[in-house]
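What follows is the residue order along each chain.
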Amino acid sequence: MKIKQVEELVGITSKNIRFYEEEGLVCPKRNEQNNYRIYTEVEIKRLQEVKKLRLLGISIPEIQKIYAEELSLQKAMERRLKEIRE
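Residues numbered from 1 in each chain as written. Predicted model: local features only at pLDDT ≥ 70, side-chain atom pairs only at ≥ 80, totals over all residues. Heavy atoms only, no water.

Let's shift gears to the packing of aromatic side chains. Enumeration according to the criterion identifies one aromatic pair in this entry. Centroid distance Phe19 to Tyr20: 5.9 Å. Interplanar angle 55°. Geometry classified as tilted. The exposure class assigned to Phe19 is partly exposed, which follows from its relative accessible area of 34%. Sitting over the ring of Tyr67, Arg46 keeps its end group 3.5 Å from the ring centre. (Phe/Tyr/Trp six-rings, centres within 6.5 Å; stacked < 30°, edge-to-face > 60°. Buried < 20%, exposed > 50% of the residue type's maximum accessible area, 1.4 Å probe, protein only. Lys NZ or Arg CZ within 6 Å of the ring centre and 35° of its normal.)

Now the structure itself:
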């Protein structure tokens, strides 16, 4: 799937998708013939998760730690709830 299709499916801009790629949150493969990004179901699912986490106020560095298994989702949510309460 190309980035334009992913943009429409997930509901985030291609600029954000590229930013998430730069931040290492998604790693689409490239088509060898034209160098276009090819997004699989794995990347689409990841982008949907990232979108939801961002809507909940989880920062990019925290999301990176969650995916690197350095921070649990539960711990990240507890931190976020604490921030909201304060």
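Let us now look at the pattern of salt bridges. Side chains that differ in charge, positive against negative, can pair when their charged atoms come close. A full pass over the atoms with the stated rule returns five salt bridges. Measuring nitrogen to oxygen at the nearest pair gives 3.3 Å for the salt bridge that ties Lys4 to Glu7. Here the residue Lys4 and the residue Glu7 both occupy positions in helix α1 (residues 3-11), the gap between them amounting to three residues, near one helical turn. Look at Glu7 and you get buried, because its relative accessible area is 18%. A salt bridge links Arg37 to Glu21; the shortest N-O distance between them is 2.4 Å. Note that Arg37 is positioned in strand β2 (residues 37-38) and Glu21 in helix α2 (residues 14-22), a separation of 16 residues in sequence. (Salt bridge = Lys/Arg side-chain N within 4 Å of Asp/Glu carboxyl O. Helix = DSSP H or I, 4+ residues; strand = E, 2+ residues; numbered from the N terminus.)

Geometric descriptors of this kind do not, in isolation, establish any biological role.
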